[in-house]
Every structure is written in structure tokens, then in C-alpha cells.
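# Structural overview
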Amino acid sequence: MTTLQGKVVLITGGARGIGAEVARRLSALGAKLVLTDLDKAELDTMAAELGGDEQVLTMVADVRDLPAMEAVVDKAVERFGGLDVAVANAGIASYGSVLQVDPEAFKRVLDVNLLGVFYTARAALPALIDRRGYLLIVSSLAAFAASPGMASYDMSKAGNEHLANALRLEVGHRGVGIGVAHMSWIDTALVRDTKADLASFGNFLKALPWPLSKTTSVDKCATAFVKGIEGRKDRVYCPGWVAVFRWLKPVLSSAVGELPVRKSSAALVTQMDAEVAALGRSTSAYNEELGKH
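These numbers come from a predicted model, not from an experiment.

Cut-offs and rules
- Residues numbered from 1 in each chain as written.
- Predicted model: local features only at pLDDT ≥ 70, side-chain atom pairs only at ≥ 80, totals over all residues.
- Heavy atoms only, no water.
- UniProt positions renumbered as here; feature names shortened; annotations may be inferred.
- Helix = DSSP H or I, 4+ residues; strand = E, 2+ residues; numbered from the N terminus.
- 1 Å grid on protein atoms, 1.4 Å probe; cavity = no way out; pocket = protein on both sides within 12 Å on 5 of 7 lines; lining within 4 Å.
- Points joined across faces, edges and corners; volume = space filled by probe spheres on them.
- Nonpolar A, V, L, I, M, F, W, Y, C, P; charged D, E, K, R; others polar.
- Axes fitted to C-alpha atoms, helices over the stretch in contact; angles between N-to-C directions.
- Parallel < 35°, antiparallel > 145°, perpendicular 65-115°, else oblique.
- Left-handed = near helix turned anticlockwise from the far one by under 90°.
- Contact = heavy atoms within 4.5 Å.
- Phe/Tyr/Trp six-rings, centres within 6.5 Å; stacked < 30°, edge-to-face > 60°.
- Buried < 20%, exposed > 50% of the residue type's maximum accessible area, 1.4 Å probe, protein only.
- Lys NZ or Arg CZ within 6 Å of the ring centre and 35° of its normal.

As a further point, take the UniProt feature "domain: Ketoreductase" (unreviewed entry) in the protein. The positions that UniProt labels "domain: Ketoreductase" (unreviewed entry) are, in the present scheme, residues 7-183. As annotated, residues 7-183 comprises 49% helix and 18% strand, and the C-alpha atoms at either end are separated by 25 Å.

Structure (C-alpha cells):
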């Protein structure tokens, strides 16, 4: 297991949720943190909590902007001497079926969740190669099983899985470890905001068979991520049972695998699209506001 004392770790989406909790745990293990996000106030709060400029570098940066991500890495190398780990964690979701969702909201999910991960990897890899480091790409159980009303998220997370697998083949011989994380529902703002905005989402979760209907704590997810980083694991799962779905993927996209969701999807999609139309937006209020920056 790799010691993280003195290691330099970049985390995108590091101001809240999973990214922030992973940062706290890595800081406690002696790592130096480079945190990016679009929310400056929350980044400032994290910097103050984790020890200020000596231990933490925070930068407002949009993962959709490759020069901005390259500037983050350059600043990290200048401040701390190099980069050992990068966690491509930033991600958002849109609301509504393909027929209902705002096309711009749909595109933004792909830009943040998929192209943003590519830009993060592209910017970080030269520095990671220098130190034979490790990149963790955050995917999801959604890479294995699709859900109605979540097409943009499902597409992006499936793409993350393949990006990680391709990168492992491309840079493994250069000493860089590539990991991909798959989680079920985690109690983040993304899930809480969706539940608050759409009663249909709560109904969808209730209709899923156990354990797919369960929500896992951010604390447990952060524990899994840190263990994955320490062990330079190819794959990180949270909860552990998500690993089974990697092997069940061909079944999940068959008529038999889709049956539990198909039974309720017509009513759920109708309800969701009506709720999205009433909201007048296809993402959370928080993400919509950030998108204006």
C-alpha cells in the first residue's frame, strides 16, 4: 500500500461532496491537496479547513477548459514540485427524458462528465508520468446499467469507463496507474437535489430491487476512494456489491435485465417529464447557477 505522506493530489470538484471528503481524508494522511471547482467560496472554506497555502492549493477552474486545467497542473507543480495523484471527480446530471430534456443541459453533462475527465487526464498525465503517479477516474454503476431519464449521465459514465480502460493500456508501461471508480447512489447533493426537485426520482428508487434502491453515505464512498488511491487499484467499487454488476452488464441490457425497470418506466418517465416542464429547468438550481459562470 502506498503511503500518501507528502504526496501531491489533484481533485476536481473538490469543494463539496465526495471530492471534499476525499480531500479531508488525504489531508489527514499527510497529502498536499490541489482542489478545483467553480465555487470559490466553498474552495476558500476547504482551504481554511485543511491548513491554508502550505498544504492546499485551490483554483477556480472549469474542467471543460483544457488551458484552465493545464494552468492548474502547472501551478501545482510550481507550488509543490510535482503531481502524484489526480482524481477526475467533477460531475453533474440533467433531468428528463431525451424528448423532454433541454439539449443544452444534456450537452453540458457530456462536456463536464466526459470531456472534462479527458481534459483533466490530458492536463495531468505529463506530471503524473514524471512521478509514475496514479489517476482515478470517477465513473458509476450507471456505466453498467441504464436508467430512464438519465441518458446523458449514463452515456458520460460509460464513456469514463472506456476512457480509463484505454488509458491503462496507453500509459501503464510508463508507470502510471489508472483506476476507475463505480458507485451506486451516494448521498451527495446531486442525489439529494434530484430527490427534492423530482418526486418521480424517489419513486424510481423505490421501484428498484434491493440493493439497487439503497443510498450509501459519502463517508463510506470516500473511504473506498482513499483505499483505491493508496492501493493504486484498477477498479474501485462502492458499495462492494457494485463489482458484481460489471460482470452482469450483458444481462442488464437484455430484456430480462431491463424487466424490473420496464414495468414502471412508462409512468415514471411521464411523471418526470411533467415535473421537469413545471420546474422550467433540466438540472438542479445549484448546477444551473454554476453554469452561468
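The subject of this paragraph is empty space enclosed by the protein. Tallying each qualifying case throughout the model produces four cavities of 30 Å³ or more. Roughly 120 Å³ of internal volume is contained in the largest cavity. Lining the largest cavity are 14 residues, with Ala-93, Ser-94, Met-150, Thr-194 and Phe-201 positioned closest to its centre. If you tally residues by element for the lining of the largest cavity, the top one is helix α6 (residues 189-197), at three residues. Grouping the constituent residues of the lining of the largest cavity by class yields 10 nonpolar, four polar and no charged. As a volume, the second largest cavity reaches approximately 50 Å³. If one sorts the elements of the lining of the second largest cavity by residue count, α6 sits on top with three residues.

Okay, the packing of helix α4 (residues 103-130) against helix α5 (residues 151-171) next. At a minimum axis distance of 8 Å, the contact between α4 and α5 shows a crossing angle of 15°. Classified by the angle their axes make, α4 and α5 are roughly parallel. In this structure, α4 crosses over α5, and the sense of that crossing is right-handed. Between α4 and α5, the contacting residues are Phe-106, Val-109, Leu-110, Asn-113, Leu-114, Val-117, Phe-118, Ala-121 and Leu-125 on the first element and Ala-151, Ser-152, Tyr-153, Met-155, Ser-156, Lys-157, Gly-159, Asn-160, Leu-163, Leu-167 and Val-171 on the second. Looking at the contact of α4 with α5 residue by residue, the classes come out as 14 nonpolar, five polar and one charged.

Applying the stated criterion across every chain yields a total of four aromatic pairs. On the basis of an interplanar angle of 50° and a centroid distance of 5.5 Å, the ring pair of Phe-118 and Tyr-119 is categorised as tilted. Pairing Trp-185 with Phe-204 gives two aromatic rings, centres 6.3 Å apart and planes at 90°, and the pair type is edge-to-face. Here Phe-204 lies in helix α7 (residues 199-207) and Trp-185 lies in the loop between β6 (177-183) and α6, a separation of 19 residues in the sequence. Like Trp-185, the residue Phe-204 is buried in the burial classification. Here the aromatic residues Trp-185, Phe-201 and Phe-204 are joined through ring pairs into a cluster of three or more. Over the ring of Tyr-286 we find Arg-16; its NZ or CZ atom is 3.7 Å from the centre of that ring. Positioned above the aromatic ring of Phe-80 is the side chain of Arg-79, whose terminal nitrogen or guanidinium carbon lies 5.9 Å from the ring centre.

All right, on to the packing of helix α1 (residues 17-28) against helix α8 (residues 218-231) then. As a packed pair, α1 and α8 sit with axes 9 Å apart at the nearest point and diverge in direction by 55°. By the angle class used here, α1 and α8 are oblique. As α1 packs across α8, the resulting crossing turns out to be right-handed. Residues Gly-17, Ile-18, Glu-21, Val-22, Arg-25 and Leu-26 of α1 form the contact with α8, whose own contacting residues are Val-218, Asp-219, Cys-221, Ala-222, Thr-223, Phe-225, Val-226 and Ile-229.

Here the bond from Trp-210 into Pro-211 is cis, since omega is 5°, no more than 30 degrees from zero. Put simply, Cys-238 and Pro-239 share a cis peptide bond, and its omega is -10°. Topologically, Pro-239 is positioned in the loop between β7 (235-238) and α9 (242-252). The backbone of Arg-132 shows a phi angle near 50°, a positive value even though the residue is not glycine. By secondary structure assignment, the location of Arg-132 is in the loop between α4 and β5 (134-138).

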